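So you can see what is in the structure, the chains are spelled out below.
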Amino acid sequence: MKIYMQIEEEFRRFKQVREELNLTQSGFADELGIGATTADIERGRTRIPGQVVKELLKKFHINPLWLFGESSQKYLHSDKVSISPKVVTVDNSGKENIVLVNAKAAAGYPNNIGDSQWFEKLPAFSIPLPEYRNASFRGFQVDGDSMSPALHSGEWIVGKAVEDWENLSNKRMYVIVTVDSILVKKVQSENQSNYINLISLNPEYAPIRIDRNEVREVWLVNSKLTFDLEADTQQVSLLSLHQEMKEMKEEMKKLVR
């Protein structure tokens, strides 16, 4: 009975990993280099092959002992969990596309992060400039004003794929893909901690503190596309005026005291 329960736990944890990665059974199978789907493993019809255990450790840093119910430590070197793109698409000549993710598609992005068919339905283009070579790029539409005045709702940004956390700078902006959302923020790491703080440029928004294990992809904001330069200038002026008024109110409060 004990052996049976351990095997059952093995299948449950395997499925849990897939669901936390927001991968379909076929997408997870592609990541692990096995058949068309992981359904047979999740249903307990076949044991987890050694090669799959190896890939889980290599790509997602899943502790084999945890997988088989013999440890409570799920990740090994969790700060090294892959944050590179899960899917890339290419054009007819084999060159990698820049897939465009508009605000509406962004809502479904985390749930389809490993589904190549979903990405193939999104519009894509290429930029014939040297700055857009030898790396993966993706376009995202800005939604909201948390990063104003630098970025405004409706604008498009192009992100360059980040391979690991060591390449991040607290002076740059990033597209952070978590298990359930896409955020454009600056990133601030915590010393001796696996947590990071996501910082908005707009002072009206408080920092967001999350565990790195919740992050699936990171894209460095490389450039942006804007189509209303006059409106852009006006918004910057309005934000500056708003900030000045806020500071003036604070000074008045001090005087009243």
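The model shown is predicted, which means the values in this text are computed figures rather than measured ones. (Residues numbered from 1 in each chain as written. Predicted model: local features only at pLDDT ≥ 70, side-chain atom pairs only at ≥ 80, totals over all residues. Heavy atoms only, no water.)

Q: Can you tell me about the confidence of the model for the protein, naming the residues and giving the values?
A: Confidence in the prediction for the protein averages 85 pLDDT; 84% of positions are at 70 or higher. For the protein, the element scoring lowest by mean pLDDT is helix α8 (residues 229-256), at 59; strand β3 (residues 137-141) scores highest, at 97. (pLDDT = per-residue confidence, 0-100. Helix = DSSP H or I, 4+ residues; strand = E, 2+ residues; numbered from the N terminus.)

Q: Describe the packing of aromatic side chains, listing the residues and the values that go with them.
A: Under the definition given, this model contains eight aromatic pairs. Ring plane angle 90° and centroid distance 6.1 Å describe the contact between Y109 and W118, whose orientation is recorded as edge-to-face. Of the residues examined, Y109 reaches a relative accessible area of 0% and is grouped as buried. Overall, the relative accessible area of 18% leaves W118 in the buried class. Joined through ring pairs, the aromatic side chains of Y109, W118, F119, F140 and W219 make up one cluster. Residue placement shows R209 over the ring face of Y195; its charged tip is 4.0 Å from the ring centre. (Phe/Tyr/Trp six-rings, centres within 6.5 Å; stacked < 30°, edge-to-face > 60°. Buried < 20%, exposed > 50% of the residue type's maximum accessible area, 1.4 Å probe, protein only. Lys NZ or Arg CZ within 6 Å of the ring centre and 35° of its normal.)

Q: Any chance you could break down unusual backbone geometry for me, citing the residues and the numbers?
A: Cis peptide bonds are those with omega within 30 degrees of zero, and the linkage from S148 to P149 qualifies with 15°. One non-glycine residue, N22, lies in the positive phi region at around 55°. Counting through the fold element by element, N22 comes out in the loop between α1 (2-20) and α2 (25-32). A positive phi is found at H61, a non-glycine position, where the angle reads about 60°. Its location among the elements puts H61 in the loop between α4 (50-60) and α5 (64-67).

Q: Give a detailed account of the nonpolar core, specifying residues and quantitative values.
A: Core analysis: the largest hydrophobic core is formed by 39 residues, its most contacted members being F14, F28, L56, V101, Y109, I157 and V175. Of the residues forming this core, the biggest block, four residues, is contributed by α4. Leave out the neighbours within four places in its chain, and L56 touches F14, V17, F28, L32, H61, I62 and L67. Residues V187, I196, L198 and V218 belong to the second largest nonpolar core, which totals 14 residues. (Core = buried A, V, L, I, M, F, W, Y, C linked by side-chain atoms within 4.5 Å. Contact = heavy atoms within 4.5 Å.)

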